[in-house]
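# Examination of the molecular architecture
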Amino acid sequence: RENPLFLSRMEIGSTLDMLQSPETLTQVLHMIINLQRDVAWGSDVYREFGNTAIIRLDTFMPDEDAWANYYAGEGNLPEDSLGIVVSGLRRAAENPEIKNVIFDLSCNGGGSPDVMMAILAMTTGQDQLFGRQKFTGQTMTFTFEADTNFDGVYDEKDKETMYDFNYGVLVTRHAFSCGNLFPIVIRNAGAVIIGEPSSGGSCCIQVGTDAEGLSYVMSSGQWQLVDPQGRNVEDGCAVDLPIEPVSSDTADSLISLLGVDEGLPSFEGYFDEAMLDEMMNDYFQSEAEEAA
């Protein structure tokens, strides 16, 4: 066509249909959650308020090259997801006022179960994941060893590296895959889940290559992860302390541009650190009184 900016009526209609699709609306909602958190908390990966430290964890992906350099003595502690957690836990341990640690998984899209299990080993001592073969029903237990003191050796000393806090996980519907499994597993060890249920994602992934050499990632049709009781985790995590999203004029205005009447919820209340600190203190005080 002469004008590359010209769109036919058919192309305009197709574009509008795409923008109004459930998949696109989900992506818009997730983007809005991220923006609302940035407005409230900025880009900080660690923050403290009262008795509570909050560690931002948007992925469970490792920087493998950085870790190889670190163990070779050629670099500092990596600034990937695992490094962020290690640094955050160390900072929290240096402040005697900190009793609680919240992992902020509000915008977590998943990643490596190895990283997830390393974090669980340092916090709750959990070292097992569970899976099921979808065709045969066969179950399998995966046991992990984590070098939690980062001395390059797997030994009994790693069991001594534990950060003794009350743990919580802040979850939204954005959390997927390992972002879905992590709160389910850590809750089994006594952590409290705050927010709303996650978005599922229980299948292991597999990577394939097409005839032209392009790679793709898809959910495996064979293995799916389950909770410690062997139950499917596809429906998302259970929530102990729910936070109800509210209506937002800003979010409604954004979504109305797509021609959709139904507005999107606001998650601004999820990022009220004073409220989160109070929720953690009250919850674990009640737990202690019931145990007594």
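## A few points about the overall build of the protein chain
Scanning the protein chain from N- to C-terminus turns up 8 helices and 12 strands. Considering only residue pairs separated by 6 or more positions, the protein chain has 69% of its internal contacts joining residues 24 or more positions apart. Surface exposure of the protein chain reaches about 16000 Å², of which carbon and sulfur atoms provide 50%.

## A word on the sheet that holds strand β7 (residues 192–195)
Across the sheet, 6 strands lie side by side as β1-β2-β3-β6-β7-β10; this open sheet has mixed pairing. Where the open sheet ends on each side, the last strands, each with one partner, are β1 (46–49) and β10 (241–242). Pairing between strand β6 (residues 166–171) and β7: 4 bridges, direction parallel. Residue L170 lies in a different strand from β7, and its bridge partner there is I194. Of the strands in this sheet, β1, β2 (52–56), β3 (100–105), β6, β7 and β10 are in contact with helix α8 (residues 273–291), which crosses β3 at around 125 degrees.

## A word on the packing of aromatic side chains
All chains considered together, the criterion is met by 12 aromatic pairs. Seen in terms of ring centroids, W67 and Y70 are 5.5 Å apart; in terms of plane orientation they differ by 85 degrees. Their pairing is edge-to-face. Of the two residues, W67 and Y70 both sit in helix α3 (residues 64–71), 3 residues apart, roughly one turn of that helix. By relative accessible area, which is 9% here, W67 ends up buried. On the basis of an interplanar angle of 85 degrees and a centroid distance of 6.2 Å, the ring pair of F165 and Y167 is categorised as edge-to-face. The burial state of F165 is the same as that of Y167; both residues are buried. Here the aromatic cluster, defined as three or more aromatic residues joined through ring pairs, consists of F60, F103, F165, Y167 and F182.

## Some thoughts on unusual backbone geometry
Located in the positive-phi region is F150, a residue other than glycine, with phi close to 55 degrees. Following the sequence through the fold, F150 ends up in the loop between β5 (139–143) and β6. For F150, a relative accessible area of 12% corresponds to the buried category.

## Quick word on the layout of surface pockets
Counted as a void, the largest pocket has a volume near 690 Å³. A118, E145, A146, D147 and Y154 are, among the 30 residues lining the largest pocket, the residues nearest its centre. Among the secondary structure elements, those contributing two or more residues to the lining of the largest pocket are α3 and α5 (113–123). Its residues placed into classes, the lining of the largest pocket shows 15 nonpolar, 6 polar and 9 charged.

## Details of the confidence of the model for the protein chain
Of the residues in the protein chain, 79% reach a pLDDT of 70 or more, and the chain-wide mean stands at 84. Segment residues 3–7: pLDDT under 50, and 3 contacts once partners within four positions in sequence are set aside and those in other chains are kept. Confidence drops under pLDDT 50 across residues 9–16; counting only partners more than four residues distant or on other chains, this segment forms 3 contacts.

## Structural notes on empty space enclosed by the protein
In total, this model carries 2 cavities of 30 Å³ or more according to the counting rule given. Roughly 40 Å³ of internal volume is contained in the largest cavity. As for the largest cavity, its lining consists of R37, W41, G42, D44, V45, R47, I54, R56 and D104. Only α2 (22–41) and β2 provide two or more residues apiece to the lining of the largest cavity. Of the pockets and cavities examined, the second largest cavity occupies roughly 30 Å³. Surrounding the second largest cavity, R47, E48, F49, T52, I54, E273, L276 and D277 form its lining. At the level of secondary structure, the elements contributing two or more residues to the lining of the second largest cavity comprise β1, β2 and α8. When the residues that make up the lining of the second largest cavity are grouped by side-chain class, the tally is 3 nonpolar, 1 polar and 4 charged.

## Re the environment of G230
Tracing the chain through its elements places G230 in the loop between β9 (215–226) and β10. Residues G230 and M140 lie 90 residues apart in sequence; the distance between their C-alpha atoms is 9.8 Å.

## Considerations on the pairing of β1
The pairing of β1 with β2 spans 4 bridges and is classified as antiparallel. Counterpart to Y46 in the pairing with β2 is I55. Counting the residues between successive antiparallel strands, the hairpin from β1 to β2 contains 2 residues, one of them, G50, with a positive phi of roughly 60 degrees.

## Here's the deal with the pattern of salt bridges
Opposite charge on two side chains allows them to pair when their charged atoms are near. Across all of its chains, the model carries 10 salt bridges by this definition. We note a salt bridge from D58 to R37, for which the minimum N-O separation is 2.8 Å. You can see D58 sitting in the loop between β2 and α3 and its partner R37 sitting in helix α2, a full 21 residues away along the chain. A salt bridge links R37 to D104; its shortest N-O distance comes to 2.9 Å. Residue R37 is located in helix α2, and its partner D104 is located in strand β3; the two are separated by 67 residues in the primary sequence.

Rules used throughout
- Residues numbered from 1 in each chain as written.
- Predicted model: local features only at pLDDT ≥ 70, side-chain atom pairs only at ≥ 80, totals over all residues.
- Heavy atoms only, no water.
- Helix = DSSP H or I, 4+ residues; strand = E, 2+ residues; numbered from the N terminus.
- Contact = heavy atoms within 4.5 Å.
- Areas by Shrake-Rupley, 256 points an atom, 1.4 Å probe, with all protein chains shown as cover.
- Pairing = 2+ DSSP bridges.
- Axes fitted to C-alpha atoms, helices over the stretch in contact; angles between N-to-C directions.
- Phe/Tyr/Trp six-rings, centres within 6.5 Å; stacked < 30°, edge-to-face > 60°.
- Buried < 20%, exposed > 50% of the residue type's maximum accessible area, 1.4 Å probe, protein only.
- 1 Å grid on protein atoms, 1.4 Å probe; cavity = no way out; pocket = protein on both sides within 12 Å on 5 of 7 lines; lining within 4 Å.
- Points joined across faces, edges and corners; volume = space filled by probe spheres on them.
- Nonpolar A, V, L, I, M, F, W, Y, C, P; charged D, E, K, R; others polar.
- pLDDT = per-residue confidence, 0-100.
- Salt bridge = Lys/Arg side-chain N within 4 Å of Asp/Glu carboxyl O.

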